[in-house]
Amino acid sequence: MSLLVWIIFGAIAGWAASVIMKTSSSQGVLGDIVLGILGAIAGGFIMSSLGLEGVDDFSVYSLIVAVIGAVILIWIGKMIRRS
């Protein structure tokens, strides 16, 4: 995927994860983009570890994988901040 597609994909996935985890007010658009891209990487790694397909293209499946990865990253961040 091109850089622009990754940025758009990251923004959508990061925004969806922040809405699910109720953190959308504490991070901006740039935070959503970064979180979504990192979530895609984390989600792809997790899915590959489970023997499933990771993030390959701009599809609904890849978006779900990226959102799952971003939700996990937000959850880990919340756990670290609590301790």
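Computed from a predicted model, the values in this text were never measured in an experiment.

K.L.:
Would you explain the side chain of Ser18 in this entry?
P.N.:
Relative to the elements of secondary structure, Ser18 occurs in helix α1 (residues 3-20). Only 2.8 Å separates the side chain of Ser18 from the backbone oxygen of Trp15, close enough to count as a polar contact.

K.L.:
Which parts of the structure should I look at to understand the packing of helix α2 (residues 29-49) against helix α3 (residues 60-82)?
P.N.:
When two helices pack together, their arrangement is given by the angle between the helix axes and by the axis-to-axis distance. Following both chains from N to C, one finds α2 and α3 inclined at 100 degrees, their axes separated by 6 Å at the closest point. Here α3 runs roughly perpendicular to α2, going by the angle between their axes. When α2 is examined against α3, the residues Leu35, Gly36, Leu38, Gly39, Ala40, Ala42, Gly43, Gly44, Ile46 and Met47 are found in contact with a partner set consisting of Tyr61, Val65, Ala66, Gly69, Ala70, Ile72, Leu73 and Ile74. Here the residues of the contact of α2 with α3 are counted per class, giving 13 nonpolar, 5 polar and no charged.

K.L.:
Quick question: what am I supposed to make of α2 here?
P.N.:
Since there are 3.6 residues in each turn of an α-helix, residues three or four apart along the chain are aligned in direction. For α2, with 21 residues, the first-to-last C-alpha span of 30 Å sits near the 30 Å given by 1.5 Å per residue. Residues of α2 that are buried make contact with α1 and α3. Downstream of α2 by a residue or two, Gly51 has a phi angle that is positive, lying close to 85 degrees.

K.L.:
Hey, could you run me through the nonpolar core in this one?
P.N.:
Generally speaking, a soluble globular protein has its nonpolar side chains buried in company with each other. Grouped together as the largest cluster of nonpolar side chains are 15 residues, with contacts concentrated most on Ala17 and Val67. Listed by contribution, the elements that provide at least two residues to this core are α1, α2 and α3. Here this core takes 6 residues from α3, the largest share from any one element. Other than its neighbours up to four places away in sequence, Ala17 contacts Val67, Ala70, Val71 and Ile74.

Definitions and cut-offs
- Residues numbered from 1 in each chain as written.
- Predicted model: local features only at pLDDT ≥ 70, side-chain atom pairs only at ≥ 80, totals over all residues.
- Heavy atoms only, no water.
- Helix = DSSP H or I, 4+ residues; strand = E, 2+ residues; numbered from the N terminus.
- Polar contact = N/O pair within 3.5 Å; in protein donor to acceptor, adjacent residues only side chain to side chain.
- Axes fitted to C-alpha atoms, helices over the stretch in contact; angles between N-to-C directions.
- Parallel < 35°, antiparallel > 145°, perpendicular 65-115°, else oblique.
- Contact = heavy atoms within 4.5 Å.
- Nonpolar A, V, L, I, M, F, W, Y, C, P; charged D, E, K, R; others polar.
- Expected span 1.5 Å × (residues − 1).
- Core = buried A, V, L, I, M, F, W, Y, C linked by side-chain atoms within 4.5 Å.
- Buried < 20%, exposed > 50% of the residue type's maximum accessible area, 1.4 Å probe, protein only.

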